[in-house]
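Reading the structure
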Amino acid sequence: MTAAAPRPGAGVRATARIVAAADGRGGTALPVLDGAGPFALRRLRPYGPGARVALVGAMSAPLGGDRLALTAEVGDGTALTFTTTAATLALPGRTGEPATYDTRIEVGEGATLRWLPEPLISARGSDLRTTTRVDLAPTARLVLREEQILGRAGEEPGRLRSRLTVRRAGRVLLDQELAYGPGVPGWDGGAVLGGHRAAGQLLLVDPAFEARPMASRVLGGGAALLPLAGPAVVVGAVARDGLELRGALDRGLEECAGEYRDGGFWGQEW
């Protein structure tokens, strides 16, 4: 798979695709692992029957005008962990156009996905629009982390618009859109970030929540755990920097793992 050659001054068009399938021996195979342009996908050593994939940035992206798309298909009964080897840095391009980064994920019956990329950093002058859509089968399990760092050290952020939509059995479980940066009214006010420069969320979906739902709670330091209208919880947090943000989201994960030690999967290594 190759990226289309960009026109002079135009952005990169690139796609990547991951397919996880049962290997017939109780494990997970990766029959499709294709990427182009900034997408370099690598198999990692698994810690169990599941598969592990890392995205290695092969070039600077997304820049203004880039059009990037990533798809993942997690087949019935499989387990996949997805990570990135470094933060994603959104930078301005030469065209003045926004960049787009679209992610589409499908998770089958009895399958488990841990989607844990490193943070997205919105650098000054950049303009990025991301969309993530996840479709879950009724018995699928998911851990999904999103972290957004607004500006590098000592700089103002670019413009960032992010939408996350998660459906389970065809019904909307979470549909959220966030926007930050120049031209976005009130993004830095007390009702949104209140002067913080890092924001993120951790979404956990597990059929176990249907029988034993978790209660809302404040985790301290700008973080809270909230149950959704379905077998899921979301941990939302704002923080001064990426390190503080990761700590807040990890506390939420520990809260869940502590209550579901008999069947929780969130702390496992695959």
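Everything discussed here concerns the structure shown above.
Residues numbered from 1 in each chain as written. Predicted model: local features only at pLDDT ≥ 70, side-chain atom pairs only at ≥ 80, totals over all residues. Heavy atoms only, no water.

Examining the sheet that holds strand β14 (residues 171-180)
A sheet is described by the order of its strands in space; here seven strands give the open sequence β2-β1-β5-β8-β11-β13-β14, paired in mixed fashion. Where the open sheet ends on each side, the last strands, each with one partner, are β2 (28-35) and β14. Each strand axis lies, on average, 5 degrees off the axis of its neighbour in the sheet, ignoring direction. Bridge analysis of strand β11 (residues 127-136) against strand β13 (residues 159-168) gives 10 bridges, and the strand direction is parallel. (Pairing = 2+ DSSP bridges. Helix = DSSP H or I, 4+ residues; strand = E, 2+ residues; numbered from the N terminus. Axes fitted to C-alpha atoms, helices over the stretch in contact; angles between N-to-C directions.)

Describing the pattern of salt bridges
As enumerated under the stated definition, the model contains 17 salt bridges in all. When the shortest N-O distance is used, the salt bridge between R17 and E73 registers 3.0 Å. You can see R17 sitting in strand β1 (residues 13-22) and its partner E73 sitting in strand β5 (residues 67-74), a full 56 residues away along the chain. By relative accessible area, which is 33% here, R17 ends up partly exposed. Since its relative accessible area comes to 29%, E73 is described here as partly exposed. E118 is paired through a salt bridge with R246; the nearest N and O atoms lie 3.3 Å apart. Taken together, the positions of E118 in the loop between β9 (112-116) and β10 (120-122) and R246 in helix α2 (residues 242-259) put the pair 128 residues apart, joining distant regions of the chain. (Salt bridge = Lys/Arg side-chain N within 4 Å of Asp/Glu carboxyl O. Buried < 20%, exposed > 50% of the residue type's maximum accessible area, 1.4 Å probe, protein only.)

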